[in-house]
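Geometric and topological summary
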Amino acid sequence: MRVVVQEEALDPYKEIKHHEETVLESGKHGGVVSFVGTMRDFNDGEDVSAMNLDHYPGMTEKHIEQVCQEAMDGWDVMDVLVVHRVGDMYPSDPIVLVAVWSAHRASAFDACRYVINYLKERAPFWKCEVTKAGKKHWVEHNSKDPGVAESREKAV
Amino acid sequence: MEIDVKFFASLRERMGRTSDKVTLDGDVATVSDVWNQLSSEPIPNNILVAVNKEYTDLSQELKSGDEVAFFPPVTGG
């Protein structure tokens, strides 16, 4: 398991490749499922031009690690990597990477969803958006993941 | 007892500071007592509390040197 909180720009695909080349044993995993959260240029009907992500150093890493450990205990997965940005960012910038390696796809999909959902619920990060008009405001709440069955019903 | 206090995000701006130190009389004190030393207003309903970087609530008892953090709902990911 590897958890990183960083101010530097995040290249999620480079992180996945680097983790596979340096940490994982080649040929053992059957797949990797990744979630990459990126910054939108809109939120709640407003145009957003920049964002600052605040966090509680120490508590953030601790809670992401707890969520990753729960995923590793709950599903048959080989490894979990989470990299999360903090500081100033702009639309389309990657904010977070969750990558889960496993022998089979089902556990990797489920564990990846678990990690991003509970990270959003528990890890102490706060988004402060700047609108195109130059107004600054704190985001009050995250959108909820409705769950697999419900999201499919909405999609079809 | 001495308690280290931290504020984050919109609450930090509202309180006008990132951290504070609170001294409480007596041997027994809760997170609620800390808030009451910091503000004459009741704690807003949506504010979350952590002691030594673990989520808890206002009724948690504290010991000297504990770090108490107050912050609004989290919005990472």
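**Brief notes about the overall build of chain A**
Counting its secondary structure elements, chain A contains four helices and nine strands. In sequence order, the secondary structure elements of chain A are arranged as β-α-β-β-β-α-β-β-β-α-β-β-α. A compact globule built from 156 residues would reach a C-alpha radius of gyration of about 15 Å, and chain A, at 16 Å, matches this within 12%. The principal-axis extents of the C-alpha atoms in chain A amount to approximately 50 × 40 × 25 Å. Here chain A holds 156 residues, and the buried ones make up 32% of them. By sequence separation, contacts in chain A at least 24 residues apart represent 77% of the contacts at least 6 residues apart.

**So, the sheet that holds strand E3 (residues 48–51) of chain B**
All names here are of chain B. Strands sit in the order E2-E1-E5-E3-E4 across an open sheet of five strands; the sheet is mixed. On the outer flanks of this sheet lie strand E2 (19–23) and strand E4 (54–56), each paired with one strand and no other. When strand polarity is set aside, the average angle formed by the axes of neighbouring strands in this sheet is 30 degrees. The sheet contact formed by E3 and E4 spans three bridges and is antiparallel. What sits directly across from Val49, in E4, is Thr56. Contacting strand E1 (2–7), E2, E3, E4 and strand E5 (67–71), helix H2 (residues 31–38) crosses the sheet at an angle of about 110 degrees to E2.

The rules we used
- Residues numbered from 1 in each chain as written.
- Chains lettered and ligands numbered in written order.
- Predicted model: local features only at pLDDT ≥ 70, side-chain atom pairs only at ≥ 80, totals over all residues.
- Helix = DSSP H or I, 4+ residues; strand = E, 2+ residues; numbered from the N terminus.
- Rg over C-alpha atoms; globule rule 2.2 N^0.38 Å.
- Buried ≥ 20, exposed ≤ 12 C-beta atoms within 10 Å, placed from the backbone.
- Contact = placed C-beta atoms within 7 Å.
- Pairing = 2+ DSSP bridges.
- Axes fitted to C-alpha atoms, helices over the stretch in contact; angles between N-to-C directions.

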